[in-house]
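Residues per chain are reported as follows:
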Amino acid sequence: MEDITRTVPTSVTRTDPPRRSTTMCDHSPSCPDTDSSACCTAHVVADHSEQGWCRLCNGVILFDDGGYLTPDGRALKLAG
Ligand SMILES: [Zn+2]
């Protein structure tokens with residue numbers, strides 16, 4: 001007689017494609033969307049300033065020179 005063990009679902013790790021608004025933001029107020037002109041004001045979640053960049057909560061990569069990269073691959077420049 002076989003034991004009915006609890007089967008662990010194989011799809012535990014969801015591999016969501018990096019789409020906008022799929023980032024989990026715990027901040028309040030929540031960080032701006034990547035489409036927002038204020039997207040670079042999101043919280044820094046990974047500071048690599050020694051390498052000249054950091055990653056923001058909404059997935060934006062912000063560079064020292066004012067340029068930034070959105071999760072969907074757009075390379076933009078901060079105004080001003
Ligand atoms: Zn956030």
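See above for the structure.
The text that follows walks through the structure, step by step, so that each part is easy to find.

Some points on the overall build of the protein
Phase 1 of the analysis: Secondary structure summary: the protein contains 0 helices and 5 strands in total.
Phase 2 of the analysis: Counting from the amino terminus, helix and strand elements in the protein follow one another as β-β-β-β-β.
Phase 3 of the analysis: The proportion of buried residues among the 80 residues of the protein is 16%.

Quick look at the sheet that holds strand 3 (residues 61-63)
Phase 1 of the analysis: With antiparallel pairing, the 5 strands of this open sheet are ordered in space as 1-2-3-4-5. If you trace the sheet from one side to the other, it starts and ends with strand 1 (44-48) and strand 5 (75-77), each paired once. Neighbour-to-neighbour, the strand axes of the sheet open up by a mean angle of 25°, direction not taken into account.
Phase 2 of the analysis: Relative to strand 2 (residues 53-56), strand 1 runs antiparallel, the two being bridged by 4 bridges.

Section: unusual backbone geometry
Phase 1 of the analysis: Cis peptide bonds are those with omega within 30 degrees of zero, and the linkage from S28 to P29 qualifies with -5°.
Phase 2 of the analysis: Among the structural elements, P29 can be located in the segment before strand 1.

Notes on the pairing of strand 2
Phase 1 of the analysis: Counting the residues that bridge the hairpin from strand 1 to strand 2 gives 4 residues, and of these G52 lies at a positive phi of roughly 90°.
Phase 2 of the analysis: Here 3 bridges tie strand 2 to strand 3, and the two strands are oriented antiparallel to one another. The partner of W53 across the bridge, within strand 3, is F63.
Phase 3 of the analysis: Connecting strand 2 to the antiparallel partner strand 3 that follows it, the hairpin turn spans 4 residues, and G59 within it adopts a positive phi of roughly 95°.

About the criteria used
Residues numbered from 1 in each chain as written. Predicted model: local features only at pLDDT ≥ 70, side-chain atom pairs only at ≥ 80, totals over all residues. Helix = DSSP H or I, 4+ residues; strand = E, 2+ residues; numbered from the N terminus. Buried ≥ 20, exposed ≤ 12 C-beta atoms within 10 Å, placed from the backbone. Pairing = 2+ DSSP bridges. Axes fitted to C-alpha atoms, helices over the stretch in contact; angles between N-to-C directions.

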